[in-house]
Amino acid sequence: EVFVHLITELHKSLSFREAVHQAFNQLHGLNAAVILSLTERMMIAIRKGSPLVAGKNETGFYVASDSTAIAGHVQQVYYLADDEMIVCQADQAQLY
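Note that the coordinates shown come from a computational prediction; the quantities given were computed from them, not determined experimentally.

**Student:** Sorry if this is basic, but what is going on with the overall build of the chain here?
**Tutor:** A tally of helices and strands in the chain yields two helices and seven strands. In summary, the chain has a C-alpha radius of gyration of 13 Å against a globular reference of 12 Å for 96 residues, a match within 12%. Overall, the C-alpha framework of the chain stretches about 40 × 30 × 20 Å when taken along its three principal axes. The buried share among the 96 residues of the chain stands at 36%. Sequence separation of 24 or more characterises 37% of the internal contacts of the chain that already satisfy a separation of 6 or more. Within the structure as shown, the chain displays about 6100 Å² of accessible surface, and the carbon and sulfur contribution to it stands at 52%.

**Student:** Just to check I follow, could you spell out helix 2 (residues 16–25) for this structure?
**Tutor:** Every α-helix winds through 3.6 residues per turn, so residues three or four apart in the chain are directed the same way. Looking only at helix 2, the buried set comprises Phe16, Ala19, Val20, Ala23 and Phe24. Down the axis of helix 2, the buried set is contained in an arc of 125 degrees. They therefore lie on one face. Those residues of helix 2 that are buried are in contact with helix 1 (2–10), strand 1 (31–37) and strand 2 (42–48).

**Student:** Would you mind showing me how to read the pairing of strand 7 (residues 92–95) here?
**Tutor:** Strand residues, when the strand is regular, have side chains that alternate between the two faces of the sheet. Pairing geometry for strand 6 (residues 85–89) and strand 7, over four bridges, is antiparallel. Note that in strand 7 the partner of Val87 across the bridge is Gln94. Counted along the chain from strand 6 to the antiparallel partner strand 7, the turn is two residues long, and its residue Ala90 has a positive phi close to 55 degrees.

**Student:** How should I be thinking about the environment of Glu9 in this particular structure?
**Tutor:** For Glu9, the location among the structural elements is in helix 1. Residues Glu9 and Ala19, 10 residues apart in the sequence, show an inter-C-alpha distance of 8.2 Å.

**Student:** Before we go on, may I ask you to explain the nonpolar core in this structure?
**Tutor:** Soluble globular proteins tend to pack their nonpolar side chains together in the buried interior. Within the largest apolar cluster, 15 residues are counted, with the highest numbers of intra-cluster contacts made by Phe3, Ile7, Phe16, Ile35 and Ile44. Mapped by element, the contributors of at least two residues to this core are helix 1, helix 2, strand 1, strand 2 and strand 6. At five residues, the largest contribution of residues to this core is made by helix 2. When sequence neighbours within four positions are dropped, the list of residues in contact with Ile7 reads Phe16, Ala19, Val20, Ala23 and Ile35.

Cut-offs applied
Residues numbered from 1 in each chain as written. Predicted model: local features only at pLDDT ≥ 70, side-chain atom pairs only at ≥ 80, totals over all residues. Heavy atoms only, no water. Helix = DSSP H or I, 4+ residues; strand = E, 2+ residues; numbered from the N terminus. Rg over C-alpha atoms; globule rule 2.2 N^0.38 Å. Buried < 20%, exposed > 50% of the residue type's maximum accessible area, 1.4 Å probe, protein only. Contact = heavy atoms within 4.5 Å. Areas by Shrake-Rupley, 256 points an atom, 1.4 Å probe, with all protein chains shown as cover. Arc of directions from axis to C-beta. Pairing = 2+ DSSP bridges. Core = buried A, V, L, I, M, F, W, Y, C linked by side-chain atoms within 4.5 Å.

As structure tokens, then:
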């Protein structure tokens, strides 16, 4: 809950992507998060220490902590590296 409030505060002066990135960098320990914005129509997944994988099929994107959870739904699985963030919007994804 605190993480979401921090994103909301940062988003007042930053893009949604930057707000999520800066808020996540303020967390301590091992974390993975998936954040959805209905107004931006965007999904962001980011990790530090905790496993996180992403995949896409013809209907959308999938994110999970383990590839077996999405293996039957996607053709390819991408393993996010530490401090890597994937931004999914419409049918496109970008890594940061």
